[in-house]
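# What the coordinates show
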Amino acid sequence: MRIAVLDDDRSQTDLVCQVLSAAGHACHPFQRGKELLNQLRRESFDMLIIDWQVPDLSGADVLLWAREKLPANLPVLFMTSRSGEDDIVAGLAAGADDYMIKPIRRGELLARVQALLRRAYPSQNPVEQIQFGNFVFETRTGRLTVSGAQIEVTQKEFDLALLFFRNLGRPLSRAYILEAVWSRDIEIPSRTMDTHVSRVRSKLQLRPEHGFRLAPVYSYGYRLEQVTA
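Residues numbered from 1 in each chain as written. Predicted model: local features only at pLDDT ≥ 70, side-chain atom pairs only at ≥ 80, totals over all residues. Heavy atoms only, no water.

So, on to the overall build of the chain. Tallying secondary structure elements over the chain gives eight helices and 12 strands in all. Taken over the C-alpha trace, the chain has a radius of gyration of 19 Å; the compact-globule value for 229 residues is 17 Å, and the two agree within 12%. Relative to all contacts within the chain whose residues are 6 or more apart in sequence, the contacts with residues 24 or more apart total 56%. On the chain, roughly 11600 Å² of surface is accessible, and the fraction owed to carbon and sulfur atoms is 49%. Charged side chains in the chain number 29 positive and 28 negative. The centres of these two groups are separated by 5 Å. (Helix = DSSP H or I, 4+ residues; strand = E, 2+ residues; numbered from the N terminus. Rg over C-alpha atoms; globule rule 2.2 N^0.38 Å. Contact = heavy atoms within 4.5 Å. Areas by Shrake-Rupley, 256 points an atom, 1.4 Å probe, with all protein chains shown as cover. Lys, Arg positive; Asp, Glu negative; His and termini not counted. Charge placed at Lys NZ, Arg CZ, Asp CG, Glu CD.)

Bringing the packing of aromatic side chains into the picture now. Evaluation of the coordinates by the stated rule reveals 10 aromatic pairs. Ring centres 5.6 Å apart and planes at 85° place the aromatic pair Phe135 and Phe212 in the edge-to-face group. A residue pair is termed long-range when its members are at least 10 positions apart, and Phe135 in strand β7 (residues 135-138) and Phe212 in strand β11 (residues 212-217) qualify at 77 residues. Classification of Phe135 as buried rests on a relative accessible area of 6%. Since its relative accessible area comes to 10%, Phe212 is described here as buried. Within the aromatic cluster, the residues linked to one another by ring pairs are Phe132, Phe135, Phe137, Phe158, Phe165 and Phe212. (Phe/Tyr/Trp six-rings, centres within 6.5 Å; stacked < 30°, edge-to-face > 60°. Buried < 20%, exposed > 50% of the residue type's maximum accessible area, 1.4 Å probe, protein only.)

Attention now moves to the side chain of Gln12. By the element assignment, Gln12 lies in helix α1 (residues 10-22). Overall, Gln12 belongs to the buried group, its relative accessible area being 15%. Those residues in contact with Gln12, other than ones at most four positions away along the chain, are Asp7, Lys102 and Ile104.

In this section: the side chain of Glu157. Here Glu157 shows up in helix α6 (residues 155-166). Engagement of the side chain of Glu157 in a polar contact is seen with the side chain of Lys203, the distance being 2.8 Å. (Polar contact = N/O pair within 3.5 Å; in protein donor to acceptor, adjacent residues only side chain to side chain.)

Moving on: the state of the cysteines. On inspection of all chains with the given rule, the structure shows one disulfide. Note on cysteine connectivity: Cys17 is disulfide-linked to Cys27, with sulfurs 2.0 Å apart. Negative torsions about the S-S bond denote left-handed disulfides, and the value of about -60° found for Cys17 with Cys27 makes this one left-handed. Placement of Cys17 in helix α1 and of Cys27 in strand β2 (residues 26-30) is noted, with a sequence separation of 10 residues between them. Grouping residues by exposure puts Cys17 and Cys27 together as buried. (Disulfide = S-S within 2.5 Å.)

Contact geometry for α6 and helix α8 (residues 190-203): axes closest at 10 Å, N-to-C directions at 75°. Judged by the angle between their axes, α6 and α8 are roughly perpendicular. Every residue of α8 that contacts α6 at Lys156, Glu157, Leu160, Ala161 and Phe164 is listed here: His196, Val197, Arg199, Val200 and Lys203. Its residues assigned to classes, the contact of α6 with α8 shows five nonpolar, one polar and four charged. (Axes fitted to C-alpha atoms, helices over the stretch in contact; angles between N-to-C directions. Parallel < 35°, antiparallel > 145°, perpendicular 65-115°, else oblique. Nonpolar A, V, L, I, M, F, W, Y, C, P; charged D, E, K, R; others polar.)

So yeah, pure geometry; function would need other evidence.
Structure representation (C-alpha cells):
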C-alpha cells in the first residue's frame, strides 16, 4: 500500500516509514502540511498518517481537506503528543479513523495500520481467487477468466487489470500505478504504461458497451469505472 506520512519531526517520519517499509508498504514522508496537500492533488495514496501539530498547516486542516476531496474510505490515522480526551475526540470527530499517542510504539503502529487497511480495502486481503462480476482473477496462477473463458495476459497485464478492478471508480495517478505494478523498475518509459493499459482495455473489452470504461484522467493517470447501459 502507498502511505503518506506527515510530521514536521523528521525522526518521527523516519521511524514510521521504517516500520511501514519493513512490512512491505511504500512510505512517502512529508514535513509540511501544504507540501502534502499539493501532492494529494496530483498523486494517489491508500492511507494518510498525520501529526496533529504541524507548523504551517494543522493536521485538522489536512484532514478536513482530505475528507472533502478524497475517497470516503481513505483511512486516516492521526498522531498526537497530547493525551487529553478533548483532543482525541476532536480528531476523531474531524474524520480520523484512529489515533496514536506519542511516543510511537512500532508494534502498535503496524497493528493499527494493518487493521485500518484491512477494513478500508477488503478486496486487497490475500486470497487465491478474486471475483468482480464476470471477471475472475486467480492470484496464485495469474490466470484471468471472463464469463468462464480464459484471457491470455502477461503477468504485468494481470497485475494492472487487478489493480484497476480493486480500485473501481477511483482515479489512480501514474506514479501510483507505476509503484504498484512495476515496483522497483521505476525507470520504465512513460509509453510502456500506456501500452499496457491499452492492451488490458482491449483484451478485457473494457468499453462502455460491455459495462466498463477504462479511460485516462487528464494530467493524472487512469480510472476504471462501471457504466450502466
